[in-house]
Amino acid sequence: MPELSKTYNPAEVEDRWYPEWETRGLFHAKVNSEKKPYTIVIPPPNITGILHLGHILNNTIQDVFVRWKRMQGFEACWIPGTDHAGIATQNVVEKALAKEGTDRHKLGREKFVKRVWEWKDIYGDTIIRQLRKLGVSCDWQRERFTMDEGLSTAVREVFVRLFDKGLVYRGKYIVNWCTFHRTALSDDEVEHGQTNGKLYHIRYPIEGTKDSVVIATTRPETMLGDTALCFHPKDERYRHLNGKQATLPLVGRRIPVIADDYIDSSFGTGIMKVTPAHDTNDFLLGQRHNLQQISVINEAGQMNELVPKHYEGLDRFECRKRIAQDLEAQGFLVKVEEYPHNIGRCYRCNTIIEPYLSDQWFVRMKPLAKPALKVVQDGVVRFHPDRWTKVYEHWMDNIRDWCISRQLWWGHRIPVYYAPDGTYTAARSEEEARTKLGIAPEMPLRQDDDVLDTWFSAWLWPFSTLGWPGDTKDLRYFNPTDTLVTGPDIIFFWVARMVMANIEFMKGMPGRDGKPRQKDKDLVPFRDVYMTSIIRDDQGRKMSKSLGNSPDPIDVIREYGADALRFTITYLAPLGQDVLFSTDKCEMGRNFANKIWNAGRFLLLNKKEICGEEALDLSAHSAEHLDLADRWILSRLNTATDDIHNALTKFQINDATKILYGFLWHDFCDWYVELVKTRFYGDESPEAKKAVVQRALWVFDQALRLLHPFMPFITEELWQHLTDRKDASIVRINFPSSEKRHIDRKTEQDMEIVQNVINALRNIRGENNIQPSRDIELQIIVPKGGKGDTLQSYERYLQKLARVTKLTRIKNSAKPKVAASAVVNGIELFVPLEGLIDMGAERNRLEKEIQRIQQMLEGIEKKLGNPQFTARAPKDVVEKEREKQNAFKVNLEKLKENLGGLGK
RNA sequence: GGACGCUUAGCUCAGCUGGUUCAGAGCGCCGCCCUUACAAGGCGGAGGUCGUAGGUUCGAUCCCUACAGCGUCCACCA
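**Side note on the environment of Tyr169**
Working step 1: Relative to the assigned elements, Tyr169 resides in strand 5 (residues 168–178).
Working step 2: Spatially, the C-alpha atoms of Tyr169 and Ala615 are 71 Å apart, while their sequence positions differ by 446 residues.
Working step 3: Those residues in contact with Tyr169 that sit more than four places away from it in its chain are Gln360, Trp361, Phe362, Val363, Arg364 and Asp401.
Working step 4: In terms of polar contacts, Tyr169 uses its side chain to reach the side chain of Asp401, at 2.6 Å.

**A short note on the packing of helix 10 (residues 366–377) against helix 11 (residues 388–397)**
Working step 1: Viewed as axis vectors pointing N to C, helix 10 and helix 11 meet at an angle of 160°, and their least axial separation amounts to 10 Å. The orientation of helix 10 with respect to helix 11, classified from their angle, is roughly antiparallel. The two elements helix 10 and helix 11 cross, and the hand of that crossing is left-handed. Of helix 11, the residues touching helix 10 (which contributes Ala369, Ala372, Leu373, Val376 and Gln377) are Thr389, Tyr392, Glu393, Met396 and Asp397.
Working step 2: Across the contact of helix 10 with helix 11, the residue classes tally to 6 nonpolar, 2 polar and 2 charged.

**Details of the side chain of Asp83**
Working step 1: Residue position: Asp83 is located in the loop between strand 3 (81–82) and helix 3 (86–99).
Working step 2: Ignoring sequence-local partners within four residues, the contact set of Asp83 consists of Pro44, Pro45, Asn46, Ile47, Phe145, Thr146, Thr454 and Ala458.

**Structural notes on the protein's contact with RNA strand B**
Working step 1: Around RNA strand B, the structure places 66 residues, and the nearest of them are Phe267, Asn281, Asn598, Arg872 and Lys884.
Working step 2: Atoms of RNA strand B within 4 Å of the protein: sugar and phosphate make up 62%, bases the balance.
Working step 3: Measuring from a phosphate oxygen of RNA strand B, one finds a side-chain N or O atom of Lys6 at 3.4 Å.
Working step 4: Per-element tally for the surface near RNA strand B: the top contributor is helix 22 (residues 653–680), with 10 residues.
Working step 5: Residues belonging to the surface near RNA strand B are distributed by class as follows: 25 nonpolar, 19 polar and 22 charged.

**Overview of the packing of aromatic side chains**
Working step 1: Under the definition given, this model contains 49 aromatic pairs.
Working step 2: Seen in terms of ring centroids, Phe163 and Trp361 are 6.3 Å apart; in terms of plane orientation they differ by 55°. Their pairing is tilted. In this pair, Phe163 is assigned in helix 7 (residues 149–164) and Trp361 in strand 14 (residues 354–363), connecting sequence segments 198 residues apart.
Working step 3: A relative accessible area of 17% means that Phe163 is categorised as buried.
Working step 4: Measuring from ring centre to ring centre gives 5.6 Å for Phe668 and Phe700, while their planes differ by 20°; the resulting arrangement is stacked. Here Phe668 is found in helix 22, whereas its partner Phe700 is found in helix 23 (residues 686–707), with 32 residues between them in sequence.
Working step 5: Its relative accessible area of 0% is what places Phe668 among the buried residues.
Working step 6: Its relative accessible area of 0% is what places Phe700 among the buried residues.
Working step 7: Here Arg170 stacks its cationic end above the ring of Tyr424, 5.6 Å away from the centre of that ring.
Working step 8: Sitting over the ring of Tyr418, Arg446 keeps its end group 4.4 Å from the ring centre.

**Structural notes on the sheet that holds strand 5**
Working step 1: Spatially, the 4 strands line up as an open sheet ordered 6-5-14-16, and their pairing is antiparallel. In this open sheet, the two edge strands, each paired with only one partner strand, are strand 6 (183–185) and strand 16 (402–403).
Working step 2: When strand 5 meets strand 14, the two strands line up antiparallel, connected through 10 bridges. Directly across from Asn176, in strand 14, lies its bridge partner Pro355.

**Some remarks on helix 16 (residues 491–506)**
Working step 1: The terminal C-alpha atoms of helix 16, which comprises 16 residues, lie 21 Å apart, in line with the 22 Å expected from a rise of 1.5 Å per residue.
Working step 2: Largest kink in helix 16: about 25°, centred on Arg497.
Working step 3: Across the 16 residues of helix 16, 14 count as buried, placing the element largely inside the fold.
Working step 4: Within two residues after helix 16, Gly508 carries a phi angle of roughly 85°, on the positive side.

**Digging into the environment of Ala369**
Working step 1: Following the sequence through the fold, Ala369 ends up in helix 10.
Working step 2: Setting aside anything within four residues of it in sequence, one finds Ala369 in contact with Met396, Ile399 and Met500.

**Some details on a negative patch on the surface**
Working step 1: A cluster of acidic residues, Asp538, Glu559, Asp584 and Glu587, forms a negative patch on the protein surface.
Working step 2: Relative to the helices and strands, Glu559 resides in helix 18 (residues 553–560).

**What about the pattern of salt bridges?**
Working step 1: Counted by the stated rule, this structure contains 68 salt bridges.
Working step 2: The partner of Arg132 in a salt bridge is Glu22, with the nearest N and O atoms 3.2 Å apart. One end of the pair, Arg132, is in helix 6 (residues 126–134); the other, Glu22, is in helix 1 (residues 10–23), with 110 residues separating them in the sequence.
Working step 3: Take Glu22: its relative accessible area is 31%, and that puts it in the partly exposed class.

**Some thoughts on unusual backbone geometry**
Working step 1: Note that the residue after His384, namely Pro385, is joined by a cis bond; omega there is 0°.
Working step 2: Among the structural elements, Pro385 can be located in the loop between strand 15 (382–384) and helix 11.
Working step 3: Of the consecutive residues Asn479 and Pro480, the connecting peptide bond is found in the cis state with omega at 0°.
Working step 4: Within the fold, Pro480 resides in the loop between helix 15 (473–478) and strand 22 (483–486).
Working step 5: Look at Ala85: it is not a glycine, yet its phi comes out positive at around 50°.
Working step 6: On the accessibility criterion, Ala85 (5% relative accessible area) is buried.
Working step 7: One non-glycine residue, Asn825, adopts positive backbone phi at about 50°.
Working step 8: You can see Asn825 is positioned in the loop between strand 28 (819–824) and strand 29 (827–832).
Working step 9: Under the relative-accessibility criterion, Asn825 is labelled partly exposed at 44%.

**Here's the deal with the nonpolar core**
Working step 1: If you look at the biggest cluster of nonpolar residues, it comprises 204 residues, and the most contacted ones within it are Phe159 and Phe456.
Working step 2: With 14 residues, helix 22 is the largest single contributor of residues to this core.
Working step 3: Each residue touching Phe456, except ones within four places of it in the same chain, is listed here: Val155, Val158, Phe159, Leu162, Val363, Trp402 and Ile404.
Working step 4: Among the nonpolar cores identified, the runner-up in size contains 32 residues, and Leu229, Leu241, Leu248 and Leu250 belong to it.

**Quick word on the packing of helix 23 against helix 24 (residues 712–723)**
Working step 1: Look at helix 23 against helix 24: their axes get within 10 Å of each other, and the N-to-C directions meet at 155°. Relative to helix 24, the element helix 23 lies roughly antiparallel. Judged by the sense of rotation from one axis to the other, the crossing of helix 23 with helix 24 is left-handed. Contact with helix 23, carried on its side by Leu697, Phe700, Asp701, Leu704, Arg705 and Leu707, involves Thr715, Leu718, Trp719, Leu722 and Thr723 of helix 24 and no other residues of that element.

Rules used in this analysis
Residues numbered from 1 in each chain as written. Chains lettered and ligands numbered in written order. Predicted model: local features only at pLDDT ≥ 70, side-chain atom pairs only at ≥ 80, totals over all residues. Heavy atoms only, no water. Helix = DSSP H or I, 4+ residues; strand = E, 2+ residues; numbered from the N terminus. Contact = heavy atoms within 4.5 Å. Polar contact = N/O pair within 3.5 Å; in protein donor to acceptor, adjacent residues only side chain to side chain. Axes fitted to C-alpha atoms, helices over the stretch in contact; angles between N-to-C directions. Parallel < 35°, antiparallel > 145°, perpendicular 65-115°, else oblique. Left-handed = near helix turned anticlockwise from the far one by under 90°. Nonpolar A, V, L, I, M, F, W, Y, C, P; charged D, E, K, R; others polar. Near = heavy atom within 4 Å. Phe/Tyr/Trp six-rings, centres within 6.5 Å; stacked < 30°, edge-to-face > 60°. Buried < 20%, exposed > 50% of the residue type's maximum accessible area, 1.4 Å probe, protein only. Lys NZ or Arg CZ within 6 Å of the ring centre and 35° of its normal. Pairing = 2+ DSSP bridges. Expected span 1.5 Å × (residues − 1). Bend = angle between axes of the 7 residues up to and from the residue. Patch = residues over 30% accessible without salt bridge, like charges linked within 9 Å, V, L, I, M, F, W, Y side chains within 5 Å. Areas by Shrake-Rupley, 256 points an atom, 1.4 Å probe, with all protein chains shown as cover. Salt bridge = Lys/Arg side-chain N within 4 Å of Asp/Glu carboxyl O. Lys, Arg positive; Asp, Glu negative; His and termini not counted. Charge placed at Lys NZ, Arg CZ, Asp CG, Glu CD. Core = buried A, V, L, I, M, F, W, Y, C linked by side-chain atoms within 4.5 Å.

In structure tokens form, the structure reads like this:
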């Protein structure tokens with residue numbers, strides 16, 4: 001066995017173990033009828049992305065669950081993969097082309113797409129490579145990409161089925177148009193934010209009269225496309241104008257004045273211009289009133305040929321200025337006021353969205369939403385924390401049709417084919433399209449130019465990755481998956497849509513039992529959705545590139561180790577709360593790793609000392625030579641095991657880390673290891689010592705297993721040193737389950753007395769400035785029924801932990817004259833230190849303690865003095881309070897007595 | 001406009017079903033110690049009327065109501 005270094009060196013251990021785990025195939029999952037599956041699909045990161053702390057948190061949590069379940073004997077399967085990220089990826093490649101002085105149009109579609117694939121092959125797995133550094137136990141043999149052959153087949157299949165069902169339709173609608181990307185966006189891809197705009201008040205003359213009306217608009221340039229004016233039908237101010245014609249300034253077009261109760265009479269002047277081609281509400285209004293739709297802005301955001309010549313070709317914002325000038329010059333502009341208001345912007349490039357009238361493809365969502373709502377309401381799919389349920393339900397209740405076409409080249413091309421006569425159909429292949437349309441092979445057939453929204457492949461992820469539409473063994477076994485771990489920001493984009501898709505497309509597919517799936521529990525994509533925290537910097541700001549406040553996780557791993565990062569971030573992330581992160585917080589994880597490392601080092605050194613090279617069987621702990629500390633640590637271990645199990649079951653992952661930290665550092669290292677030293681270095685028989693070493697190693701082994709899901713590398717490394725089992729790995733070793741018989745309240749109480757006495761002695765030392773190296777003597781007075789025997793039988797604990805060289809039991813009458821004292825569980829402690837203690841300090845110490853006890857006693861007496869309390873509170877609570885009262889009273893008396901005994 | 005979250009020690013936060021010495025942890029701070037696993041460590045200590053005001057209850061950091069401050073999401077009036 002190699003010597004272990006004094007401090008833990010994570011980089012070396014991590015680089016050694018990850019490839020080893022992969023080569024041994026420890027993360028690979030197979031269909032296994034002997035085992036229950038446990039499945040997670042990764043939220044596929046964009047191929048353009050680089051790893052950030054959000055990924056770290058998200059993937060660490062997934063890894064904790066997967067490793068935990070794997071150790072529990074589940075066939076744990078974590079399917080990794082990446083998303084082609086239509087807009088983002090196309091962006092990146094287009095930027096590269098721009099640098100080369102060319103663009104995608106010069107290249108042509110086919111070459112451009114080839115170029116993107118080349119880019120993807122080089123850079124597309126950056127995140128996936130980086131994730132390995134984190135130690136994630138993904139089944140890499142199952143890695144998928146949303147544009148893989150299989151997934152593309154699934155996309156086409158879904159589109160065609162929805163089309164044939166009438167759930168996909170084509171329509172001319174106002175969509176959110178990004179003039180930079182020149183594509184439509186779904187409603188969810190638009191981010192609304194406040195902006196300082198202006199409100200222009202413009203006079204529109206009424207034809208044939210001297211009358212005119214004033215309307216207010218933030219977008220005067222769209223007036224070129226106005227086709228009506230509109231007021232509320234009940235508005236007396238304008239009623240007389242109903243049916244009249246107004247003249248559109250600058251253009252001279254006649255437009256009707258109409259009435260509609262959409263109008264809010266209290267806003268502005270109460271009459272509004274209507275531009276059906278450039279505003280969603282106006283569009284709907286226009287439909288109701290059969291208004292003409294005049295588009296005046298092109299796909300690049302410039303004024304088109306339908307506007308007066310001197311505006312044509314102007315950028316929409318440039319045109320706005322010109323229109324304002326011209327209106328003013330011609331006397332139509334009444335006033336302009338500052339007007340802060342909300343506008344939508346492209347979530348990727350921040351360009352102001354242009355409501356744009358165009359032909360797009362939509363999915364009718366209402367029929368899909370209905371069952372997806374039900375499974376959540378019925379608790380078949382559960383959110384953690386639960387409050388996201390309401391957010392989900394609200395969205396489902398108000399769902400709108402999903403615009404799925406994107407005017408891009410990178411993505412799944414829409415499988416719709418047009419015949420020369422304009423008829424069209426959706427089909428899995430060109431041949432199928434010809435059959436469906438009745439077109440001969442020699443006739444030209446045109447496929448739709450647009451591609452599908454990226455989420456259109458992502459929403460199929462939990463089954464497309466498993467072979468759907470094929471009826472595969474994997475699909476039967478691993479779907480429904482179990483836990484989805486993702487951020488609340490994509491609950492609509494992704495989570496909700498996956499629920500809809502899984503229900504819709506898995507219906508009737510054979511399930512685990514081979515029978516067609518019908519029940520909701522077999523149709524959902526996953527059972528539990530864990531919503532992760534949002535990572536912020538230490539000032540609470542979102543991590544962002546522009547702020548430069550986003551540390552590179554790879555640097556953090558290099559500096560502190562992957563285990564340290566994993567542990568720290570899960571420790572900091574309570575379920576459902578944001579996390580304020582800064583790199584230096586990882587010191588906590590690093591220090592913890594080092595602590596464990598040294599505990600392991602200590603045990604191994606002593607094992608060698610006591611047992612030589614002999615291998616110890618750690619399959620069970622030795623039941624020989626048990627003393628209080630042993631029974632106590634077994635009790636604590638099993639309690640911790642229970643608590644961890646409960647915390648993980650409730651998705652309270654940071655609780656689990658806190659339990660592990662507390663158990664390993666405070667129970668195991670601070671107390672147990674210190675106590676065990678008394679036996680390693682004591683005069684017990686070699687057999688007894690061997691039993692003690694064996695048990696200590698066994699407990700440590702159990703603790704390592706509990707910790708492994710959180711800190712996989714260091715636990716594997718230490719575990720290997722512990723066991724010498726070259727062929728095995730902690731990755732697939734049983735996760736401990738608690739043995740109730742070891743959880744023993746009485747043992748813990750006895751141990752508590754020992755601990756309290758040691759703490760009291762340490763306090764005396766600290767406050768009296770007694771050197772740690774100085775031995776002390778302890779005299780105790782034990783009341784009737786007190787636990788003095790327990791204390792005396794573990795005198796060696798006091799020797800080691802408090803440097804007590806002599807323990808004597810004395811009579812009340814034999815109290816030492818000059819001594820520091822304390823009262824613990826009714827036992828009086830005296831440390832005779834004539835001439836050495838600082839009387840003033842000791843008096844202060846006792847007075848402080850007296851005050852503390854007095855305060856608590858007062859609290860209890862106030863409670864007990866309240867007749868309502870004694871009458872109404874449960875008996876055991878009252879009884880407990882009485883017991884406490886008595887104990888405090890006794891303590892207080894003794895303390896006062898001892899204070900008095902100190903003299904002046 | 002609607003929904004939701006947060007407010008506890010100097011800082012960052014736990015505290016889940018009201019009563020356990022319930023007021024905690026980590027960091028920071030003060031004092032002592034390089035005690036043969038660990039100074040990335042050990043021991044001791046200081047520090048909080050649990051945002052404010054009410055209410056429910058024998059009892060409230062915890063449940064309810066209102067308010068204040070911070071934050072998030074959804075919708076949106078030209």
